[in-house]
Structure formats: C-alpha cells, structure tokens
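The residues making up each chain are set out below.
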Amino acid sequence: MHVMAVACEATEICYDSSSSNNIMKEQVKKMGTQGSAIYGMAVLGALVYFIQHAHTFWNGAVGIIKAIFWPAMVIYKVLELLKL
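Residues numbered from 1 in each chain as written. Predicted model: local features only at pLDDT ≥ 70, side-chain atom pairs only at ≥ 80, totals over all residues. Heavy atoms only, no water.

1. Section: the overall build of the protein chain
At step 1: Check the secondary structure of the protein chain and you find two helices and zero strands.
At step 2: Put simply, the protein chain has 84 residues, and 10% of those count as buried.
At step 3: Nonlocal contacts in the protein chain, meaning residues at least 24 apart in sequence, comprise 18% of its contacts between residues at least 6 apart. (Helix = DSSP H or I, 4+ residues; strand = E, 2+ residues; numbered from the N terminus. Buried < 20%, exposed > 50% of the residue type's maximum accessible area, 1.4 Å probe, protein only. Contact = heavy atoms within 4.5 Å.)

2. Describing the packing of aromatic side chains
At step 1: In this structure the tally under the stated criterion is two aromatic pairs.
At step 2: Between F57 and W58 the ring centres are 5.0 Å apart and the planes differ by 75°, which places this aromatic pair in the edge-to-face class.
At step 3: Residue classification places W58 among the exposed residues on the basis of a relative accessible area of 63%. (Phe/Tyr/Trp six-rings, centres within 6.5 Å; stacked < 30°, edge-to-face > 60°.)

3. Some details on the confidence of the model for the protein chain
Low pLDDT means the predicted coordinates in that region are not meant to be read closely.
At step 1: Taken as a whole, the protein chain shows an average pLDDT of 75; of its residues, 60% reach a score of 70 or greater.
At step 2: Counting interchain partners and residues more than four positions distant, the pLDDT-below-50 stretch residues 1-11 has eleven contacts. (pLDDT = per-residue confidence, 0-100.)

4. A few points about the pattern of salt bridges
At step 1: Tallying each qualifying case throughout the model produces one salt bridge.
At step 2: In this structure, K77 and E80 form a salt bridge, with 3.7 Å as the shortest nitrogen-oxygen distance. In this pair, K77 and E80 both sit in helix α2 (residues 57-82), three residues apart, roughly one turn of the helix.
At step 3: Judged by its relative accessible area of 40%, E80 falls in the partly exposed class. (Salt bridge = Lys/Arg side-chain N within 4 Å of Asp/Glu carboxyl O.)

5. Digging into the environment of G40
At step 1: Along the chain, the position of G40 falls in helix α1 (residues 19-52).
At step 2: A relative accessible area of 36% means that G40 is categorised as partly exposed.
At step 3: For the pair G40 and I68, spaced 28 residues apart in the sequence, the C-alpha separation amounts to 9.5 Å.

Next up, the structure:
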C-alpha cells in the first residue's frame, strides 16, 4: 500500500490516500463549514445588536469591533469564573 504525503492546513487532519480515510476527511471539512456558518450568523447578530444600541458614530464603530471579538470575551469570562 502506497501512502501519499498530504500537505495539512491548520484546520485539517491529514490522512493517507485510502478511501475510508478520504470519507473521514470530507466529514471533517463539512463540520468545519457548519461551524463557520454558525459563527458567521452569531457575528452578524451581534453586529446588528451593537449597532442598534449605538447612540453615536463611534459607539457604532466600537460595536463592530465588539461583534468580531465577542467570542473571545465570552471564553475569557467563563475561564475567569471557573478560575482556570
């Protein structure tokens, strides 16, 4: 059996060229796409929320930045509460 070297990206898992492993690779790609869609909808929802509550232009600009980085803030607060 010949094993082909596969270049890996940061979000992919490397597999050899057998058919069962190629099926697993496709499933990993599909899960990554679904996660990206969920994250994108969450960012869009946060963007709408922050812009609706902005009273000035600069509050709206800060709201855009908050919408992009809110997952990191949530994880930080959760870890802070868990004292990890």
